[in-house]
Amino acid sequence: MSSTAPITMLNPDFPFPYDEYLAHQAGLGSIPENRHGTEVAVIGAGMSGLVAAYELMKLGLKPVIYESSRIGGRLRAGRPEGQAEPVADLGGMRFPRSGRSFFHYADKVGVQTCPFPNPLTPASGSTVIELGGKKHYAESIEQLPEFFKEVSSAWEEALQERSHFKEMQQAIRDRDLAEIKRLWNDLVPKFDDVSFSGYLATSKSFSSLPFEYREAFGQVGFGTGGWDTNFPDSFLEILRVVYVDADADQQRIIGGAQLVPERLWAHAPETLAHWPAGTSLASLHEGHPRGSVKSVKRRWNDDGSAGQIEITDYWGRTDCYPAVIATCQSWLLSARIDVDESLFSHKLWTAIERSHYMQSSKTFVVVDRPFWKDRDPETGHEIMSTTLTDRLTRGTYLLDNGPDKPALICLSYTWNDDALKWLPLDANERVRLMLHSLGKIYPGVDIASHIVGEPITVSWEDDPNFMGAFSDNLPGHYRYQERLYSHFMQDQHAPEHRGIFLAGDDVSWTGGWVDGAVTTGLNAVWGVLNQLGGSSHPENPGPGDRYAELGPIKLS
């Protein structure tokens, strides 16, 4: 009998059950006692780096974290100057319940969540879709014109036509790892060179309809909003999202997503090898991580063999480590940090350089109260709604913090070309143009009269510590991603390429999703464990122990 269990982020490229691995009472493994206290460098204090450091600490190692900016990485809070609340999530702000590896840590540190107000969900209250100057108000999808229902049906049919969609979701529910691999390995060679747009255009469902159906799907989409900024992507990237319900049942972290990494930094695990009870990452670092990394070099032994890896920070302090986990965005390893070329093979350097990053821009304003819930006396509609439009703003989200409390409006959330349109503009000019666009949709609503404090904005491609929002593979990039992801499996590497482990969401198969950051951090922990002579518990094999069975297909 098929399972009715919920969908989880059991990634089809490597369907290792990380949630079971993390929950197992045997833990992630052990290292020889003579290795206890060994320092391991971790570059980056985002979610991947903190998870890796936290688990290394539990194993009895001493993680040494380097961070160029602030704890949390792209789980970053924005607040108007002088105000504690409300908090704008400038990076990750929507967390699917299917991402159980992330929620393992979120639950551990006691954060609270509520449903994110995505379009056409109960949490949004109401949604307005405005295309070509035509406005449609709905409090459920049933209230939309038939055209949008036909677009939604065409998308569902297109998914099933050639991508084993229902079969894959059932295999994920059943945790049938062999079936997941069988289905996925059939699709990778077929779709590696196919773009999202190309898949839609050649599907039976969309090719039988006028172009305006594809156009509307791109501008509006279903779930989180429009999909057209993803149209140039490899279609495999889209399947990795929709198979695992990453675009459904998304949660918002009350108080801001930065609470998870901040609390993990200060959290003392219940079980620890070597370290005394009460030890945390914060206590191991005397409250502060090391500063930014200036260079990463290989030391060579007198006999010419590869020695330890030395890291020099911004202030010139140099320390040596038997192992390093690099969780920063991979472009920084060539563009911002002086990294010894011999640490990676030429093929891996090529994969790093060919990584494709999406641009992303958000602009928030704090308002005095959730005024959008007021009802128009003539229509009975909420006076403002979660908004999807073909105007400059594209996606507008309304974030309530309780009746009569200050609230947030994400005036605009954009990607790629749409995000680049905002890049040269300062925060006030962004808000002026956004209010102008929204004024065309809501002519009787004076949004500006409710704004308090200064706007909060970010363009991730303009941040020198990130240079983009997250990786997003283009057609033909599968081979590069497979090299990056498999890097933690180092037994076959040349000696000079061992000891440094890549992690982070851009190394994962699900760029932009925090679960990918968490799971690649766990991969790197397994790599360090293996290198330092440790091993997984026999009842709880780790990702490297099952790599031969579940690892990604290789393309010739």
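Residues numbered from 1 in each chain as written. Predicted model: local features only at pLDDT ≥ 70, side-chain atom pairs only at ≥ 80, totals over all residues. Heavy atoms only, no water.

Participant: Honestly, the pairing of strand β2 (residues 62-66) in this entry has me stumped. Any pointers?
Facilitator: One face of the sheet, then the other: side chains in a regular strand alternate in exactly this way. With four of five residues buried, β2 lies mostly within the body of the structure. The sheet contact formed by strand β1 (residues 39-43) and β2 spans five bridges and is parallel. Following the sheet pairing, V42 is matched in β2 by I65. Handedness of the β-α-β unit built from β1, helix α2 (residues 47-58) and β2 comes out right-handed. (Buried < 20%, exposed > 50% of the residue type's maximum accessible area, 1.4 Å probe, protein only. Helix = DSSP H or I, 4+ residues; strand = E, 2+ residues; numbered from the N terminus. Pairing = 2+ DSSP bridges. Right-handed = clockwise from strand over helix to strand, strands pointing away.)

Participant: What exactly am I supposed to notice about the sheet that holds strand β7 (residues 127-131) here?
Facilitator: Sheet strands associate in pairs through backbone hydrogen bonding, adopting either a parallel or an antiparallel arrangement. As summarised here, the arrangement of the seven strands in space is β8-β7-β17-β18-β19-β16-β20, forming an open sheet in which the pairing is mixed. Strands with a single pairing partner mark the edges of an open sheet, and in this sheet they are β8 (134-138) and β20 (451-459). Averaged over all pairs of adjacent strands, the angle between strand axes in this sheet comes to 15°, irrespective of strand direction. Pairing of strand β17 (residues 386-389) with strand β18 (residues 395-399), which is carried by two bridges, proceeds in the antiparallel orientation. Pairing of L388 across the sheet is with G395, part of β18. Against the sheet, helix α16 (residues 427-441) engages β7, β8, β16 (360-367), β17, β18, β19 (407-415) and β20, with an angle of about 105° to β20. (Axes fitted to C-alpha atoms, helices over the stretch in contact; angles between N-to-C directions. Contact = heavy atoms within 4.5 Å.)

Participant: Explain empty space enclosed by the protein to me, please; I cannot follow it from the model alone.
Facilitator: Gaps left between atoms show up when a probe the size of a water molecule is rolled over them. Following the criterion strictly, the structure yields four cavities of 30 Å³ or more and no others. M9, N11, T510, G516 and T519 are the residues nearest the centre of the largest cavity, which is lined by 14 residues in total. A per-element tally of the lining of the largest cavity places helix α18 (residues 514-531) first, with three residues. Its residues placed into classes, the lining of the largest cavity shows seven nonpolar, five polar and two charged. In this model, the second largest cavity occupies a volume close to 70 Å³. Lining the second largest cavity we find 13 residues, and of these M9, L10, Y18, D19 and S101 sit closest to its centre. The set of elements that each furnish at least two residues to the lining of the second largest cavity consists of α1 (18-23) and α3 (100-108). Per-class residue counts for the lining of the second largest cavity are five nonpolar, four polar and four charged. (1 Å grid on protein atoms, 1.4 Å probe; cavity = no way out; pocket = protein on both sides within 12 Å on 5 of 7 lines; lining within 4 Å. Points joined across faces, edges and corners; volume = space filled by probe spheres on them. Nonpolar A, V, L, I, M, F, W, Y, C, P; charged D, E, K, R; others polar.)

Participant: For this particular structure, what's the right way to read the sheet that holds strand β22 (residues 500-502)?
Facilitator: One open sheet accounts for four strands, arranged β2-β1-β13-β22; its pairing is parallel. Each having just a single partner strand, β2 and β22 make up the two edges of the open sheet. Sheet twist, expressed as the mean angle between neighbouring strand axes with direction ignored, is 20°. Bridge analysis of β1 against strand β13 (residues 324-326) gives three bridges, and the strand direction is parallel. When the bridges of β13 are listed, V42 appears paired with I325. Sheet contacts for α18: β1, β13 and β22; angle to β22, the most-contacted strand, approximately 160°.

Take it as geometry only, folks, not as evidence of what the structure does.
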